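Each chain is listed here by its residues.
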Amino acid sequence: MATQPESRLRSDDATEYLNKHRVLDLFNSLTAQLIYKRPDDPKVFLIETLENLQKSRSTKVNYPCLFDETNIQAVFGMLDPTGRGFITVKQYQEAMITLGAKDYDQNPHGSDIDRINLDTFTREAKHGLANASATFYEG
């Protein structure tokens, strides 16, 4: 029978392993895509999604993601309802968090004048979402 310190060590080891290899990120991403797309055959869908992720890992493009460019543009449109053509840096940063983007530029082009345009927003969102969708360990 394992002692309290041994059990704690095993638990810490397991947590470190899961974090290092982004296993929970992978499961969260797969679950979100499954719920969003609701395929007729979930097992086939999951297998295809994992195969696409594996291809994306080697090519570094087309990571499976819930949001496409039209979704990103729609988010920008909601933040710019009057059509000024820009949003504030605060809106930009909050949108990136809401989208689940990772490792995006915190102060992109236009942040010095507090105006982030659609092109910059789209580029950074796609980059951040690709980073978030790349649910594998690079080591």
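Keep in mind the model is a prediction, meaning the values are calculated, not measured.

Draft legend 1. Structural view of the UniProt feature "domain: EF-hand" (unreviewed entry) in the chain. As annotated in UniProt, the feature "domain: EF-hand" (unreviewed entry) corresponds to residues 67-102 in the numbering used here. Regarding residues 67-102, the helix share stands at 61% and the strand share at 6%, and the terminal C-alpha atoms are separated by 14 Å.

Draft legend 2. A look at the nonpolar core. Ranked by internal contacts, the top residues of the largest apolar core, which has 15 residues, are Ile87, Tyr92, Met96, Leu99, Ile116 and Phe121. Of all the elements in the fold, those that place two or more residues in this core are helix H4 (69-79), helix H5 (89-99) and helix H6 (118-133). The element contributing the most residues to this core is H5, with 5 residues. Among residues more than four places away in sequence, those in contact with phenylalanine 121 are Ile72, Val75, Phe76, Ile87, Tyr92, Ala95, Met96, Leu99 and Ile116.

Draft legend 3. Structural detail: the packing of aromatic side chains. Taken as a whole and assessed by the stated rule, the structure comprises 3 aromatic pairs. Taking the centre distance of 6.0 Å and the plane angle of 85° together, the rings of tyrosine 92 and tyrosine 104 count as edge-to-face. With tyrosine 92 in helix H5 and tyrosine 104 in the loop between H5 and strand S2 (116-117), this residue pair connects regions lying 12 residues apart in the sequence. Tyrosine 104 carries the same exposure label as tyrosine 92, and that label is buried. Measuring from ring centre to ring centre gives 6.3 Å for tyrosine 92 and phenylalanine 121, while their planes differ by 75°; the resulting arrangement is edge-to-face. Here the residue tyrosine 92 occupies a position in helix H5, and phenylalanine 121 occupies one in helix H6, the gap between them amounting to 29 residues. Judged by relative accessible area, tyrosine 92 falls into the buried class, the value being 0%. Joined through ring pairs, the aromatic side chains of Phe76, Tyr92, Tyr104 and Phe121 make up one cluster. Its end group placed over the ring of phenylalanine 86, arginine 115 keeps NZ or CZ at 4.2 Å from the ring centre.

Definitions and limits used
- Residues numbered from 1 in each chain as written.
- Predicted model: local features only at pLDDT ≥ 70, side-chain atom pairs only at ≥ 80, totals over all residues.
- Heavy atoms only, no water.
- UniProt positions renumbered as here; feature names shortened; annotations may be inferred.
- Helix = DSSP H or I, 4+ residues; strand = E, 2+ residues; numbered from the N terminus.
- Core = buried A, V, L, I, M, F, W, Y, C linked by side-chain atoms within 4.5 Å.
- Buried < 20%, exposed > 50% of the residue type's maximum accessible area, 1.4 Å probe, protein only.
- Contact = heavy atoms within 4.5 Å.
- Phe/Tyr/Trp six-rings, centres within 6.5 Å; stacked < 30°, edge-to-face > 60°.
- Lys NZ or Arg CZ within 6 Å of the ring centre and 35° of its normal.

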